[in-house]
Amino acid sequence: MKKQPARVLFYIFIITFGLVWLIPVFFLTITALKSNGDLFSNPLYALPSKYHFENFIEAFNEGNMIVYMRNSAFISIIKVPLGILVAALAAFGLTRLSFKWEKPFYIFFILGMTIPFQACLVPLVIMLTKANLMNTYVGLIFIYIGFGIPFAMLILTGFFKGIPRELDDAARIDGCSDLGLFFRIILPVAKPAIATLIIMDFLATWNEFLLAQIFISSDNLKTVTTGIMSFTGEYSTDYPLMMSGVLLSVLPVLLVYIIFQKHFVKGLGGAVKG
Amino acid sequence: MGQESNQVDTSLELNTERPLEVKKNNNLKLEIKSQRRLKLQRSLKPFYFMAPALFIYLMVVAGPAFYTMYLSFFETNGINAAGKVFIGLGNYIELFTNDSVFITSLKNNIIWTVCSLAFNLTFALMLALMLNRSFKGRTIFRAVFYFPFILSNIVVAMIWVWLYHPNIGLFNEILSVFAIEPVGWLSNPDLALFSVFAASSWQHVGSSMIIFLAGLQTIPNEPYESAKVDGANRIQALWYITLPLLRETYIIVFATTLFYSMRVFDIIYAMTGGGPSQSTQVLGSWMYYQTFNHNNVGIGSAISVILLIVVMAVAIPYILWQQKKSHV
């Protein structure tokens, strides 16, 4: 009973913070649904006098958003599984084959997580130009996989280390080869870690900007982030349309977030435990 | 591996022309040899599995980082330009003595880092402490504060540029209600960096909060119980138990925040492009403009190397510390 006022105060406090945190998203949404005339004649915080859902269709078709989103989806579908497979193989070799230099190699890989993209840009441009891979997805995906390896290794080696050795021994007695052990025992057991990784990796790929900006130049190959930059440049006076485009680009990410919420906390927790 | 040693054995059996003694001797030698080979192959096995990752990682991350260091000692104009002149530390000297924008960038990175550590971490810790209590709707609040983190920097930039719009943006609209003159959030050189920082904080506080929450969950219940027995109140419990026991979490949040603050790029590029009058340049963006807009590849490389050294100075001890921690 005595605690009641404190509790009410606490709720007021946290709800206020929560609402303040949502303000940007709220304005993004109502702006996206207004007409341009409505936007300039009424205050910004007024609700739309009429809801214009057709803004989304316009952004989708005329603003090329559909192309950008398709491109990002395509890149993610190739990059994420391939990157995880490459990292998982390495994590397996590092942790389950009694490797002598496990620790130095692990640190070598993990250090990559802190290297700024800028430190590699110029050599990568030179390399991709020489290989004729500038402005191609092959080049971009190759680079994405490279920069994705450290984080994937961090999560996967951490998880692989926790898998009991007895599983390996039992599998080997049954005549399992190394590859068999990897594909039939370790990977299935590591499903939770891989699920988390798929989600985090998808987000990172979908949201990446600098590399896509440097290595992709044709408009019809642009990803969501670089596309939205040129989209907003093109419609710089039509704020409702601009914001519809921004909102559209967020939807897939939001959907993934809502469905897999638990994995985010776990993923970060995993990163914390190292 | 088993196959290999079998082959050696069969080839030996076929070899019947030699005298018995030699054969025996040979047999022994070969056995040692094959055993050695077996051992070698076993120690090579991890490399087969690591080969693809190692190859890509060396090609994309490690190799280029070293090549950038090499390039920072040359003067080149243009990424694919043929002429390269070795000038030693010339680029570095140029940066520190002649490039005022570089000094601004370095200063901005430091301001950004200090503000992140002071403001974001305090706020994140406060949120985590509030959300660590059990109350109705806790998960919803966690989701609300964490969610901006899943957006791309570009999207965050777009939203906030809109909120900061000089004429019809939300902030100036609210100010006009109170009859306050509109503020040039992104056009005032003294203010622009902090405006961008506010947008970035909105995005990043949630991720630090989640790490703090994970840290809070590792604190056992016993200290609190014994504190209660000793008659400590809640604030004392917070000050003497919770905050000291979060020591390891501080290091993690500190390091991740510092890495991000030094590498910040996207949001500045998208919100101000380094302007107005270069007042919001940071190392990451100035490297970009020097290299790709002004074609000063050597200077750009030198900036990246400085960035890399600063980050590594924290990253290497941090990772070694993490390693030690996970083996105890």
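What counts, and where the lines are drawn
- Residues numbered from 1 in each chain as written.
- Chains lettered and ligands numbered in written order.
- Predicted model: local features only at pLDDT ≥ 70, side-chain atom pairs only at ≥ 80, totals over all residues.
- Heavy atoms only, no water.
- Core = buried A, V, L, I, M, F, W, Y, C linked by side-chain atoms within 4.5 Å.
- Buried < 20%, exposed > 50% of the residue type's maximum accessible area, 1.4 Å probe, protein only.
- Domains from an automatic or database assignment.
- Contact = heavy atoms within 4.5 Å.
- Axes fitted to C-alpha atoms, helices over the stretch in contact; angles between N-to-C directions.
- Helix = DSSP H or I, 4+ residues; strand = E, 2+ residues; numbered from the N terminus.
- Parallel < 35°, antiparallel > 145°, perpendicular 65-115°, else oblique.
- Nonpolar A, V, L, I, M, F, W, Y, C, P; charged D, E, K, R; others polar.
- UniProt positions renumbered as here; feature names shortened; annotations may be inferred.
- pLDDT = per-residue confidence, 0-100.
- Left-handed = near helix turned anticlockwise from the far one by under 90°.

(A) Main features of the nonpolar core. In terms of nonpolar packing, the biggest core is built from 190 residues, with Phe 215 of chain A together with Ile 267 of chain B touching the most fellow members. Counting the residues that make up this core, at least three belong to each of domain 1 (2-55) and domain 2 (94-327) of chain B. Dropping the residues within four chain positions of it, Phe 215 of chain A is found in contact with Leu 121, Leu 124, Val 125, Leu 128, Met 134, Asn 135, Thr 136, Leu 140 and Ile 143 of chain A.

(B) Expanded view of the packing of helix H12 (residues 224-234) of chain A against helix H13 (residues 239-259) of chain A. All names here are of chain A. Running from amino to carboxyl end, H12 crosses H13 at an angle of 175°, the nearest separation of the two axes being 10 Å. Classed by the angle they form, the pair H12 and H13 counts as roughly antiparallel. Here Val 224, Ile 228, Phe 231 and Thr 232 of H12 come into contact with H13, specifically with Leu 241, Met 242, Gly 245, Val 246 and Ser 249. In terms of residue class, the contact of H12 with H13 is made up of six nonpolar, three polar and no charged.

(C) Representation of the UniProt feature "domain: ABC transmembrane type-1" (unreviewed entry) in chain B within the structure. UniProt records the feature "domain: ABC transmembrane type-1" (unreviewed entry) at residues 106-320 of chain B, using the numbering of this structure. What you have in residues 106-320 of chain B is 73% helix and 0% strand, and the ends, taken at the C-alpha atoms, are 27 Å apart.

(D) Fine view of the confidence of the model for chain A. Put simply, chain A has an average pLDDT of 87, and 95% of its residues get 70 or more. In this model residues 270-274 of chain A is a low-confidence stretch, pLDDT under 50, and it forms 13 contacts with partners more than four residues away in sequence or in other chains.

(E) Geometry of helix H7 (residues 170-177) of chain B. Of all the positions in H7 of chain B, only Leu 170, Asn 172, Glu 173 and Leu 175 of chain B are classed as buried. For H7 of chain B, the secondary structure elements touched by its buried residues are helix H1 (4-32) of chain A together with helix H6 (153-163) of chain B. The first or second residue beyond H7 of chain B is Ala 179 of chain B, which carries a positive phi of 60°.

(F) Main features of the packing of H13 of chain A against H6 of chain B. One way to put it is that H13 of chain A packs onto H6 of chain B with a least axis distance of 10 Å and a crossing angle of 150°. By the angle class used here, H13 of chain A and H6 of chain B are roughly antiparallel. As for how H13 of chain A packs across H6 of chain B, the hand of that crossing is left-handed. Residue-level contacts link Tyr 239, Met 243, Val 246, Ser 249 and Val 250 of chain A of H13 of chain A to Val 155, Met 158, Ile 159 and Trp 162 of chain B of H6 of chain B.

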